[in-house]
Amino acid sequence: MPRARRSAKSTATATQPVDAASQSDLAYARLREAIIALELQPGQMYSETHLASFAKLGRTPVREALHRLIREELVTPRRNRGIQITPIDIIRHLQLLDVRRALEQLLVDRASKHATQDERRIMLQLATDTEAAIASNNMVKLLHLNSQVQDLKVQAAHNEILTSTMDLFYGLSRRFWFAYAPHIEGSRESASLLHVKTLRCIAIGNRDEAIQATNELMDFLESFTRRTIDLKVRI
């Protein structure tokens, strides 16, 4: 089995005490983050024992976490072989974006109507922080902010069914972005500015403009995905 790369962040948090009730959630968070960040490599096989060692948790919470990751199509169990990290599939990703577009429209519609005043304030702050990260060329912070933006939009919709549905898309989408964005110049900045536009429209309750901005973002992501077909990059 290949050795998974460990990030400083995951190493730093691995030794913190965890109560039994939260171990499954922690295993899920650690493994999901590692898959998205490509520390657990697409297409590779890992044993359950290896993943438990990687997460620094027992096999039972890791097994429970794997059930959730299977549902999100981030891993696939292979009989008598172990757990495969789902390979990145560009064509399948285009299909994902096709479905995600309609859900994103619904998401910003609901967020525009139902976001609290505090959530709207945070949206405006995230928009400002994103512009600052672009100006300072801080790509690491920009990736982190983009994740915060997506999570806040889902939260602001205040719809549990929509939240659980979007979770099925965001893991694969974030991994694809993490894998290819560094190889297409200007992609992170362009997508981030569209996030900023969407956030500000939601924050002021402008539903129609928020949906339009979301469509622009989805158009960009589809174009970005098609451009990766011609990249000479092995992920």
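Check the entry above for the structure.
Here is what the cut-offs are and how they apply
Position labels on residues start from 1 in each chain and follow its written sequence. Under the rules for a predicted model, residues below a pLDDT of 70 receive no local features and side-chain atom pairs below 80 are neither given nor counted, while totals for whole chains, interfaces and linings still include all residues. Heavy atoms from the whole structure form the basis of all side-chain values; hydrogens and water molecules are not counted. Put simply, two rings from Phe, Tyr or Trp (the six-membered ring, in Trp's case) pair if the centres are within 6.5 Å, and we call them stacked under 30 degrees between planes, edge-to-face over 60, tilted for the rest. Helix numbers and strand numbers start at the N terminus; a helix is a DSSP run of H or I with at least 4 residues, a strand a run of E with at least 2. Three exposure classes are used, based on accessible area relative to the maximum for each residue type with a 1.4 Å probe and protein chains only: buried under 20%, partly exposed in between, and exposed over 50%. Charge assignment in this entry is limited to Lys and Arg as positive and Asp and Glu as negative, and neither His nor the chain termini are counted. By convention in these notes, a salt bridge is any Lys or Arg side-chain nitrogen within 4 Å of a carboxyl oxygen on Asp or Glu. We call two residues in contact whenever any of their non-hydrogen atoms come within 4.5 Å of each other.

### Describing the packing of aromatic side chains
Next up, step 1: A full pass over the atoms with the stated rule returns 5 aromatic pairs.
Next up, step 2: Seen from their ring centres, phenylalanine 176 and tyrosine 180 are 4.8 Å apart, and the 45 degrees between their planes marks the pair as tilted. With phenylalanine 176 and tyrosine 180 both in helix α8 (residues 160-180), this residue pair falls 4 residues apart, about one helical turn. The residues phenylalanine 176 and tyrosine 180 share a single accessibility class, namely buried.
Next up, step 3: Pairing phenylalanine 220 with phenylalanine 224 gives two aromatic rings, centres 6.4 Å apart and planes at 25 degrees, and the pair type is stacked. Within this pair, phenylalanine 220 and its partner phenylalanine 224 are both found in helix α10 (residues 207-227), separated by 4 residues, close to a single helical turn.

### Focus: the side chain of arginine 120
Next up, step 1: Inspection of the secondary structure puts arginine 120 in helix α6 (residues 117-135).
Next up, step 2: It turns out arginine 120 is buried and unbridged, and the closest side chain with the opposite charge, glutamate 119, is 6.9 Å from it.
Next up, step 3: If near-sequence neighbours (up to four positions away) are discounted, arginine 120 is found in contact with Ala111, Ser112, Lys113, His114, Ala115, Ile202, Ala203, Ile204 and Gly205.

All we've got here are geometric facts, nothing functional implied.
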